[in-house]
Amino acid sequence: MAASLSLQQARRIALAAQGLDKVRPTGPVTSRAVGRTFARLQLVQIDSVNVLSRSHYLPFFSRLGDYDRSILDSLSARSPRRMMEYWAHEASFIRPEHFGDLLLWQRRGWVGAGHLEHALREDMADRILEALAAGRPMTAAQLTAKLGHQEERRHEQWGWNWNLVKRVLEHLFEEGRVSAASRTEQFERRYTLTSRVLPAAVKAPEADHRNFDDDGAGRAAAMERLIDAAAQAHGIGTVRCFADYFRTPVKAATQAVGALVDQGRLEPVSVQGWDRVLYRHAQAKIPRKAAGRALLSPFDSLVFERRRLHELFGFHYRIEIYTPAGKRKFGYYVLPFLLRDRIVARVDLKADRAGRLLLVRSAHAESDAPADTAGELADELRLMARWLELEAVVVSPEGDLAPRLAQELRGI
């Protein structure tokens, strides 16, 4: 018979697994602490939106507070790398040991699709690989110049309007043959051979995908490792929750969950009010209480799976970046506010770097928000402003929480 847990216990398991159950450390944040946090999360999603901060920096602020972002940069740009880029939950920084497993699953559904058109010309791929093998990491623009490639830019198509060099580079990236050595200040990838990015302890996969193990055993073992990692990061969840973490197929994830149950890595459980089959990871802990406080990125791994978020916390959330301004309910870049074991508010934030201000464009409380929500949120916003090297927090009157939040920030 499956063990039975209360909803509050399930919440605390999820928060502990994500490193959000405790009060942040008070001393300086070390590179070791950042590395441990990344190892716990397994991945962080990358996004180009920079209205507040690049999205991959925010999960570490949520869990560690005022840390030096250059620590995170060094983990992905200096050998031996603790994190590297690949497709997982969208574009992500992943742990290098997951690269080969993801390559077996992610690439099979992507690479070779017709959207690449003529970008698969082997002569261009060969020229790119030769240039990268002979020299330093380069951006797509630098490679275009080095190869002397010219083409008439097309403006009639929707999308990124990439030239041939960039399209072939992205194809090679999906194949796992090239990777990102680092990013420029404009967030452009500097490409290099993947073999130069992978740490020595991680075996590089075969360059030719036809040599991958196709008998099923290797792919099944890879899926088990990915689902086990996802379950560790979640602590508790459904098959769909675990599959969504690395964006792997649900059918294969279901088989992996069954194998992990047989191995004792996962335990079936039931949670009051959650009418689905759930699994708890063998290493998941149930804290006696949750004392954390955090503003969560729209791309934070705690909020990846929206149905799970609603069932665990009763919090309905959607990203409204792509919603027309007049139809947005809460704002453009809205961060949920976690207080102890509940998500109690949401704020639309923007960093005004020229004015050195953190702008709260709206602030809304949940219906059951506790009395100290505004005060705790004010403290969190002050901390975020300091981390972003901004001098003050300015609150617009939009939202039911805004007036009280403004008072707290003024010390009234």
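Quantities reported herein were computed from a predicted structural model and do not represent experimental measurements. (Residues numbered from 1 in each chain as written. Predicted model: local features only at pLDDT ≥ 70, side-chain atom pairs only at ≥ 80, totals over all residues. Heavy atoms only, no water.)

## Observations regarding the sheet that holds strand E10 (residues 293–295)
Part 1: Read across the sheet, five strands follow the order E10-E11-E12-E13-E14 without closing on themselves; strand pairing throughout is mixed. The strands lining the two open edges of the sheet, one partner per strand, are E10 and strand E14 (392–395). Taken pair by pair, the neighbouring strands of this sheet meet at an average axis angle of 30°, ignoring direction.
Part 2: Of the strand pairs in this sheet, strand E11 (residues 334–339) and strand E12 (residues 342–352) are connected by six bridges, and their pairing is antiparallel. (Pairing = 2+ DSSP bridges. Helix = DSSP H or I, 4+ residues; strand = E, 2+ residues; numbered from the N terminus. Axes fitted to C-alpha atoms, helices over the stretch in contact; angles between N-to-C directions.)

## A few points about the pattern of salt bridges
Part 1: Going through the model one piece at a time under the given rule, you end up with 24 salt bridges.
Part 2: Residue Glu311 is joined to Arg307 by a salt bridge in which the shortest nitrogen-to-oxygen separation is 3.5 Å. One end of the pair is Glu311 and the other is Arg307, both in helix H12 (residues 306–313) and four residues apart, which spans about a single turn.
Part 3: Glu311 sits in the partly exposed class, given a relative accessible area of 22%.
Part 4: As a salt-bridge pair, Arg346 and Glu366 come within 3.0 Å of each other at their nearest N and O atoms. (Salt bridge = Lys/Arg side-chain N within 4 Å of Asp/Glu carboxyl O. Buried < 20%, exposed > 50% of the residue type's maximum accessible area, 1.4 Å probe, protein only.)

## Considering the packing of aromatic side chains
Part 1: Taken as a whole, this structure holds eight aromatic pairs when the rule is applied.
Part 2: The interplanar angle of 75° and the centroid separation of 5.8 Å between the aromatic rings of Tyr245 and Phe246 together place this pair among those described as edge-to-face. In this pair, the class of Tyr245 matches that of Phe246, namely buried.
Part 3: Taken together, the ring pairs connect Phe60, Phe61, Tyr67 and Trp387 into an aromatic cluster.
Part 4: Note that Arg24 overlies the ring of Phe61, its terminal NZ or CZ placed 5.3 Å from the centroid. (Phe/Tyr/Trp six-rings, centres within 6.5 Å; stacked < 30°, edge-to-face > 60°. Lys NZ or Arg CZ within 6 Å of the ring centre and 35° of its normal.)

## Observations concerning the side chain of His98
Part 1: Mapped onto the elements, His98 comes out in the loop between strand E4 (90–94) and helix H5 (99–106).
Part 2: Only 2.8 Å separates the side chain of His98 from the side chain of Gln42, close enough to count as a polar contact.
Part 3: Sequence-distant contacts of His98, that is, excluding residues within four places in its chain, are made with Gln42, Leu226, Ala229 and Phe246. (Polar contact = N/O pair within 3.5 Å; in protein donor to acceptor, adjacent residues only side chain to side chain. Contact = heavy atoms within 4.5 Å.)

## Here we look at the environment of Leu58
Part 1: As for its placement among the helices and strands, Leu58 is situated in helix H3 (residues 58–64).
Part 2: Once the C-alpha coordinates of Leu58 and Phe299 are considered, the two residues, 241 residues apart in sequence, prove to be 8.8 Å apart.
Part 3: Beyond its immediate stretch of four places on either side in the chain, Leu58 contacts Leu52, Ser53, Ser297, Tyr333, Met384 and Trp387.

## A few points about the pairing of E14
Part 1: Residues of E14 alternate between two faces, with Val393 and Val395 buried on one and Ala392 and Val394 left unburied on the opposite face.
Part 2: As for the winding sense of the linkage, the β-α-β connection from strand E13 (residues 357–365) through helix H13 (residues 373–387) to E14 is right-handed. (Right-handed = clockwise from strand over helix to strand, strands pointing away.)

## Describing the nonpolar core
It is characteristic of soluble globular proteins that their nonpolar side chains tend to be buried jointly.
Part 1: Ranked by internal contacts, the top residues of the largest apolar core, which has 110 residues, are Leu52, Ile128 and Met384.
Part 2: Once residues lying within four places of it in the same chain are set aside, the contact partners of Ile128 are Leu143, Leu147, Val165, Val168, Leu169 and Leu172. (Core = buried A, V, L, I, M, F, W, Y, C linked by side-chain atoms within 4.5 Å.)

## Quick word on the packing of helix H1 (residues 7–17) against helix H9 (residues 217–234)
Part 1: Following both chains from N to C, one finds H1 and H9 inclined at 115°, their axes separated by 6 Å at the closest point. As far as their axial angle goes, H9 and H1 are roughly perpendicular. On H9, the residues touching Ile13, Ala14 and Ala17 of H1 are Gln232, Ala233 and His234. (Parallel < 35°, antiparallel > 145°, perpendicular 65-115°, else oblique.)

## Section: the sheet that holds strand E7 (residues 236–237)
Part 1: Overall, mixed pairing links the four strands, which are arranged E1-E8-E9-E7 in an open sheet. Each of the sheet's edge strands pairs with one partner strand only, and the pair in question is strand E1 (3–5) and E7.
Part 2: Sheet topology note: the strand E8 (residues 266–271)/strand E9 (residues 274–281) ladder contains five bridges and is antiparallel. Considered in E9, the bridge of Val269 is made with Leu278.
Part 3: Here H12 sits on the sheet and contacts E7 and E9; the angle it forms with E9, its principal contact strand, is near 100°.

## Overview of the environment of Val239
Part 1: You can see Val239 is positioned in helix H10 (residues 239–246).
Part 2: Look at Val239 and you get buried, because its relative accessible area is 13%.
Part 3: Sequence spacing of Val239 and Val277 is 38 residues, and the spatial spacing of their C-alpha atoms is 8.2 Å.
Part 4: Excluding residues within four positions of it along the chain, Val239 makes contact with Val250, Ala253, Thr254, Val257 and Tyr279.

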